[in-house]
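Chains, contacts and geometry: an overview
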Amino acid sequence: MSHKIFSHIPPIEYKGANNKDPMAFNFYEAEREIYGKTMRDHLRFSVCYWHSFNWLGNDVFGDGAFHRPWLTGENDHQDALHKLDAAFDFFERLGASFFCFHDVDIAARANSVKELTENIKKISEPLAKKMLDTDIKLLWGTANLFSHPRYMAGAATNPNPEIFKCAAAQVHCMLETTHQLNGENYVLWGGREGYDTLLNTDIKQELEQLARFLSLVVEHKHKIGFKGTLLIEPKPHEPTKHQYDRDVATVVAFLERYDLQEEIKLNIEANHATMAGSSFEHEVANAFALDAFGSIDINRGDPQNGWDTDQFHNDPKEIALVMRHILLNGGMKNGGFNFDAKLRRQSIDADDLFIAHIGGIDNLARGLINGVKLIEEKVLNDFLEKRYQDWFSEEGQRILSGELSLEELSKFAQDPEPTSGKQEFLENYVNRIIG
Ligand code: XLS
Ligand code: CA
Ligand code: CA
């Protein structure tokens with residue numbers, strides 16, 4: 001069976017920073033404690049089903065290039081079982097504690113929403129057994145509301161309420177499945193919740209539909225007693241020209257308008273941030289500032305093109321800066337780092353899937369170590385504290401509390417001595433620490 005493709009690979013181990021074995025970790029020591037928590041519990045990394053087990057390496061110009069014996073083309077229940085075996089074999093050898101999947105990733109191919117629901121039920125039992133036997137947990141579940149042609153004009157935002165009902169059926173099924181599998185979160189990515197042209201689109205109407213849909217999901221979550229967090233995953237475009245959930249700030253404003261901000265948090269994907277013209281660090285910091293942080297999909301784009309290349313993240317400096325925000329805000333709670341990342345089409349060896357994840361995990365571990373250094377050395381925090389200290393003076397507090405009017409403030413206004421923002425000093429410092 002599927003085991004064959006990974007059976008030559010021993011469990012991946014930590015072998016130290018200077019070890020040259022590409023099938024070992026240089027930085028990730030699962031049980032190493034940092035601030036009273038193991039690295040494993042800090043990172044809570046997850047492997048995704050779709051890129052790693054459901055994709056043959058096909059792209060818009062070419063066919064599948066990978067050897068994935070469970071993707072026979074039949075896509076029946078046998079294939080789904082075969083895939084399940086292969087996926088858990090991979091998770092175990094890698095030492096992953098979490099995974100994520102869409103409904104269609106895990107189940108046999110269906111011709112209708114009803115059949116999909118039945119297929120999910122059928123695979124749920126062997127899946128639950130695998131999870132129990134291996135102690136591998138579900139970081140989040142989600143429904144694919146973008147691949148089937150019925151969703152070409154959106155799911156919740158479709159002009160046809162019949163399609164809204166299909167989306168409701170899929171989410172109903174997957175929310176319950178996620179709940180049964182003790183999933184820690186449930187993700188809603190608005191893949192086609194947007195438009196290709198305003199010539200055929202009523203934005204106001206579609207936003208109302210989207211808000212209604214999300215309220216229904218919230219209601220059902222409480223009805224079944226699901227304790228996980230509901231997460232929206234922002235992305236500015238692709239597949240549609242414009243997606244309503246374009247970035248953190250847009251989603252938070254939308255949630256507040258419909259009074260959903262306490263119920264729904266955000267799953268931030270690194271490359272979606274860059275596609276939106278922001279940095280990954282900005283999106284994470286903004287989510288914390290707006291009290292909306294939930295989880296992370298970790299990957300990267302390509303600086304020379306603007307599309308969603310979903311590559312494995314490999315910039316330790318960026319991770320260290322992001323990690324600093326996460327640690328300063330109390331660490332990952334029920335979120336995690338999900339590898340929503342895929343191999344390059346030429347990476348056809350079974351080992352490549354391991355090497356990609358090993359690199360991604362090591363990159364996170366290294367970022368964690370360096371993030372801690374940035375915090376311990378206090379240079380950045382001391383600088384920030386000093387920069388804002390006058391706001392904590394008596395007068396600063398009176399301004400913030402609203403005690404002083406515009407008129408009163410204008411009476412005492414006088415130009416202070418300018419101070420330096422010290423950007424280059426801070427950049428040099430960070431480079432020295434992380435270098
Ligand atoms: C696509 C998204 C998608 C979500 C889950 O760009 O990243 O994979 O994470 O539907
Ligand atoms: Ca994603
Ligand atoms: Ca992506």
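Anyway, here's the lowdown on the structure attached to this text.

Once that is clear, we can look at the nonpolar core. Most often, soluble globular proteins have nonpolar side chains that are buried together. In terms of nonpolar packing, the biggest core is built from 113 residues, with Phe6, Phe45, Phe91, Leu94, Phe99, Ile296 and Phe337 touching the most fellow members. Those residues in contact with Phe91 that sit more than four places away from it in its chain are Val47, Tyr49, Phe53, Ala96, Phe99 and Ile136.

The next subject is the coordination of the calcium ion (ligand 3). Looking at the calcium ion (ligand 3), one finds its protein donor set to be Glu269 (OE), His272 (NE2), Asp308 (OD), Asp308 (OD) and Asp310 (OD), positioned 2.2 to 2.8 Å from the metal centre. Here the donor residues for the calcium ion (ligand 3) map to a single chain with the spacing E-x2-H-x35-D-x1-D. Between the two metals, the calcium ion (ligand 3) and the calcium ion (ligand 2), the spacing is 4.8 Å, and Glu269 donates to both. With His272 in helix 10 (residues 270-275) and Asp308 in the loop between strand 11 (293-297) and helix 12 (316-328), this pair connects stretches of sequence that are 36 residues apart. A relative accessible area of 4% means that His272 is categorised as buried. Since its relative accessible area comes to 9%, Asp308 is described here as buried.

This part covers helix 11 (residues 280-289). The periodicity of an α-helix, 3.6 residues per turn, causes residues three or four places apart in sequence to face the same way. Within helix 11, burial applies to Phe280, Glu283, Val284, Ala287 and Phe288. Burial along helix 11 is one-sided: seen end-on, the buried residues are contained in an arc of 135°. On its buried face, helix 11 sits against helix 9 (248-257), strand 10 (264-269), helix 10, strand 11 and helix 12. Note on helix 11: the residue one or two positions beyond its end, Asp291, has a positive phi of about 60°.

On to the pattern of salt bridges. Under the defined criterion, the tally for this structure stands at 13 salt bridges. Glu31 is the salt-bridge partner of Arg40, the closest N and O atoms lying 2.7 Å from each other. Salt-bridge contacts for Glu118 lead to Lys114; the nearest nitrogen and oxygen are separated by 3.5 Å. Note that Glu118 and Lys114 are positioned in helix 6 (residues 113-134) at a spacing of four residues, about one turn of the helix. Among the residues examined, Glu118 registers a relative accessible area of 45% and is labelled partly exposed.

Calculation notes
Residues numbered from 1 in each chain as written. Chains lettered and ligands numbered in written order. Predicted model: local features only at pLDDT ≥ 70, side-chain atom pairs only at ≥ 80, totals over all residues. Heavy atoms only, no water. Core = buried A, V, L, I, M, F, W, Y, C linked by side-chain atoms within 4.5 Å. Buried < 20%, exposed > 50% of the residue type's maximum accessible area, 1.4 Å probe, protein only. Contact = heavy atoms within 4.5 Å. Donors = N, O, S within 2.8 Å, 3.2 Å for Na, K, Ca; no water. Helix = DSSP H or I, 4+ residues; strand = E, 2+ residues; numbered from the N terminus. Arc of directions from axis to C-beta. Salt bridge = Lys/Arg side-chain N within 4 Å of Asp/Glu carboxyl O.

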